[in-house]
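Commentary on secondary and tertiary structure
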Amino acid sequence: MGMSFLLRRLSYGLLLMLGVVVLNFFLIRLAPGDPAVVIAGDMGGATEEILESIREEYGLNKPVLTQLWIYISGVAQGDLGDSFFFNQPVAKLIGERISPTILLVITAQLLSIMLGVVLGVLAARKPNGVMSAFVSVFSTIGYAVPVFWTGIMLIILFASTFPVFPVEGMQSIKLRNAGFFTQALDIAHHLVLPAFTLAIIYLAQYARLSRASMLEVLSSDYIRTARAKGASEGTVLFKHALRNAALPILTVAGLQFGNLISGALLVETVFNWPGMGRLAFDSILRRDYPTIMGVLFFASMMVVVANLITDISYRWADPRLRGRT
Amino acid sequence: MKLMTRLLGAVAISASSLTAVPAFAEGGTLVIATTQAPRHLNGAVQSGIATGVPSAQIFASPLRYDENWEPQPYLAESWEMAADGMSLTLNLVAGATFHDGKPVTSEDVAFSIMATKENHPFKSMFAPVEAIETPDAQTAIIRLSQPHPALLLALSPALAPIMPKHIYGDGQDIKSHPANSTPIGSGPFMLDEFKAGELVALKKNPDFFIEGRPKLDEILIRIIKDPSALLIAMENSDADMYPFMAGSQEIRRLEKAEHLEITDEGYAGIGPINWLAFNTKSEKLSDVRVRQAIAYAVDRDFVTKALHRGVSQQQRGPIIESSPYFTDAIAPYDVDLDKANALMADAGFGDGMDLTIDYIPGPKEQQQSIAEYLKSQFKKIGINLTVRAAPDFPTWAGRVGGHDFELTMDIVFNWGDPVIGVHRTYLCSNIRKGVIWSNTQQYCNEKVDELLNAAAVELDTDKRAALYKEFQEIIGQDVPLYTINALPYHTAYDKKLKNVPTGIWGTMHPMDTVEWSE
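Just so it is clear, the model here is predicted, and its values are computed rather than measured.

1. A look at the environment of Ser369 of chain B
Residue and element names in this part refer to chain B.
- Mapped onto the elements of the fold, Ser369 is located in helix α11 (residues 368–379).
- For the pair formed by Ser369 and Val45, sequence separation is 324 residues and the distance between their alpha carbons is 33 Å.
- Excluding its chain neighbours within four sequence positions, the residues that come into contact with Ser369 are Leu307 and Lys364.

2. Notes on the domain arrangement of chain B
All names here are of chain B.
- What the domain assignment lists for chain B is domain 1 (3–58 + 172–268 + 489–516), domain 2 (63–168) and domain 3 (272–486).
- With 14 residues of domain 2 at the contact, the number on the domain 3 side is 15 residues.
- In terms of surface lost to domain 3, no three residues of domain 2 exceed Trp69, Phe122 and Pro149, which account for 44% of the buried area on that side.
- At the surface where domain 2 touches domain 3, the tally comes to zero salt bridges.
- Put simply, domain 2 and domain 3 have one residue pair in polar contact (both at pLDDT 80 or more) between them.
- Of the residues in the side of domain 2 that touches domain 3, the class split is nine nonpolar, four polar and one charged.

3. Observations regarding the pattern of salt bridges
Residues and elements named next belong to chain B.
- The final tally for this structure, using the stated rule, is 31 salt bridges over all chains.
- Residue Lys284 pairs with Glu406 through a salt bridge whose shortest N-O separation is 3.5 Å. Separated by 122 residues along the polypeptide, Lys284 in the loop between β13 (272–278) and α8 (288–297) and Glu406 in the loop between α12 (393–401) and β17 (407–413) bring together distant segments of the chain.
- Among the residues examined, Lys284 registers a relative accessible area of 26% and is labelled partly exposed.
- Measuring nitrogen to oxygen at the nearest pair gives 2.9 Å for the salt bridge that ties Glu321 to Arg316.

4. Regarding helix α6 (residues 227–235) of chain B
- Turning to α6 of chain B, its buried residues are Ala229, Leu230, Leu231, Ile232, Ala233 and Met234 of chain B.
- Positive phi appears at Ser237 of chain B, one or two residues downstream of α6 of chain B, with a value of about 65°.

5. Structural notes on the sheet that holds strand β14 (residues 313–314) of chain B
All names here are of chain B.
- Spatial strand order, β14-β18-β13-β17-β15-β16: six strands in an open sheet with mixed pairing. Whereas interior strands pair on both sides, the edge strands pair on one side only; in this sheet they are β14 and β16 (383–388).
- As paired strands, strand β15 (residues 353–358) and β16 are joined by six bridges and run parallel to one another. The partner of Asp358 across the bridge, within β16, is Arg388.
- Each of β13, β15, β16, β17 and β18 (481–486) touches α11; the most contacted strand, β16, lies at about 165° to it.

6. A look at the interface of chain A and chain B
- Each partner contributes residues to the interface: chain A has 58 residues there, and chain B has 60 residues.
- Summing both partners gives a buried area of about 4900 Å² for chain A against chain B, and 60% of it is carried by carbon and sulfur.
- Here chain A and chain B share eight salt bridges between them.
- Across the pair Arg278 of chain A and Glu198 of chain B runs a salt bridge whose closest N-O atoms are separated by 3.7 Å.
- Inspection of the region where chain A meets chain B yields 13 residue pairs in polar contact (both at pLDDT 80 or more).
- Elements represented by at least two residues in the side of chain A that touches chain B include exactly α2 (35–43), α3 (48–57), α5 (90–125), α7 (147–161), α8 (180–218) and α11 (276–286) of chain A.
- Sort the elements by how many residues they give to the side of chain A that touches chain B and α5 of chain A lands first, with eight residues.
- Here the residues of the side of chain A that touches chain B are counted per class, giving 30 nonpolar, 13 polar and 15 charged.

Reading guide: rules and limits
Residues numbered from 1 in each chain as written. Chains lettered and ligands numbered in written order. Predicted model: local features only at pLDDT ≥ 70, side-chain atom pairs only at ≥ 80, totals over all residues. Heavy atoms only, no water. Helix = DSSP H or I, 4+ residues; strand = E, 2+ residues; numbered from the N terminus. Contact = heavy atoms within 4.5 Å. Domains from an automatic or database assignment. Buried area = accessible area lost by both parts, 1.4 Å probe. Salt bridge = Lys/Arg side-chain N within 4 Å of Asp/Glu carboxyl O. Polar contact = N/O pair within 3.5 Å; in protein donor to acceptor, adjacent residues only side chain to side chain. Nonpolar A, V, L, I, M, F, W, Y, C, P; charged D, E, K, R; others polar. Buried < 20%, exposed > 50% of the residue type's maximum accessible area, 1.4 Å probe, protein only. Pairing = 2+ DSSP bridges. Axes fitted to C-alpha atoms, helices over the stretch in contact; angles between N-to-C directions.

Pasting the structure below:
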């Protein structure tokens, strides 16, 4: 894995980011509605003078290409601009919300991979067994059910029938001044339902994928050899088979990261999780261009970084790829 | 699998035990839940309830109002209106300080009122204020260009926050001043944390100028965008108060919670009206007979009793019925389909017509549901009504502000005095294309302008009421819009809370007397 590989991947990533910024800039402006009118509406109405001063203040009266140039120049210098709505730096708004989103996405990713792989391996052991049938049915259902529907069902279940888990927010507000350990537990408690909701669709995919992958690997000659040599079932499954079967899972995990973030947008909205997804959703309704652009920029960056990490780990896991650029 | 189950179980058990911990001591924290996110916290340059509630806690104002529309001392311990109505003298309380320890002086009052005049969207509030003299640190004399009966009400916490001149007077544009998100006021609570779109945390001002207040240590305003999640928070006591609740399902549901009290008091000053507006410049709707026919077809009783499940009240005119200036002499337009059909025929539309109605997306029960009900109701008078949805507020505001509509549902607040919240909808001079909640109906009647302008300077309450009575009667005849109901705002709160604000401004009033009982 050479430096040239890394540089090449990074430059692809930068180009991609530039494309994302330009495309988003124009797409957002295609939506009907004037941000100044939204701000004025929120103010309770306004005169033409106030409307004009809002447009002047946020540069909305400048030509679109000038606005694009100002925005790209700002981004290049690390300035994502100020939110039209909150009149605060977009970077600050995102900074307050990126940790909850990362916590949700990473937890869901780990949960789905770990549970999915375990289910897949167990199913692959006996392809015609009960577990295999369960994984197939569960995968089909899990993959077919929309993430927001799962969230709503869980809210209904846990709001009234079994009030064990909190159904909204990330923290009990009355514990905001409690100690670190209490707050960490509180956050973990709030994380259970949104993380499970987000994980379930991918869990189903990983279970199905690892089952298929393991079935293929388990029929290989070297597995038969390992068994003939008297290796235990655990050693065969997890040491010999899983490492090879994990390659496609790793690839899919990287590619799915973007989907996971877009899923997080819905889950955050359903569970009132204070992350970037909810900020994006609210900002779209408010025509808060800089905030929408900032969230999309960060989300794209996370996807680019995730894909880069996938590329690197793929090469780490498969020595045959290390010589290639 | 077992390990994972145990881990999840451990987290669940540990965390669920947290809920058993007494959340706060009596007299400590009040959690207010709301669906509305404030842009910032300075009500001097921003109207609306989202900013109004925290702003009224952070900033003190010259006066405050009780539930009988009577002004009460606040930063001004006394006041005197000149006999000719051309000036108001405010005598400020001694010893009031801002949260940074600097004293509140008449300079701050003068600066704040002039800044509000320049920057607040309600231009009529302080339009007649010409100058403010400050003969000494405790006296401010407001000089007017004409008598201004709405002035005292405009000095309420919701409308006239007194800002520290030493912070806001630094030359920056006040509308976008950074201190709007980190405000310093002289109110009962100080800002602890403002997380945009999520939380406003306010803590007790230990040096508040009214001795023994505030009672609470902390007010946390939590923004929960999803109404269902908000209801669950109220039911589970994760939140203690939910003001500005308008959905009948929400109200009926929270009524069942034993620990909660529900009241519809506290909204008289806001005066929220739900109405059907006409584009009077539209070819089909320029004929008053068509507008009257439509008015005769709308059944307010059905809307309030069936669609709103009895939680809302009918509204018969442009001034909220709880206002002293409302008159019941206005044409009621009780449902009369025969009369409506006759009017349509007289106007030359006996064969019917096509119309389109818009509505504000969001408050479904108040807007979309009524628009859909009107579709079936209008068929009875030969109108084929198309309900045009807008994906979001900006789209709707663009259409209505740009006069690109025929009929629209709308929600507009009276804001206490008709000069502040009513005149803007009817004055010819306020037909402003592109400006939402101006006179978007493009209705213009010289007699109405004359009456409103006279009422704006009339200090005698009875004479003023007579002027508004005549205005309302004309509006009843001309029907530039048809008022349907008052928004059924309710406040749900924990029964253990005492002195919940139920005055004319509700929670947009300093909550310095609110406290927890045993």
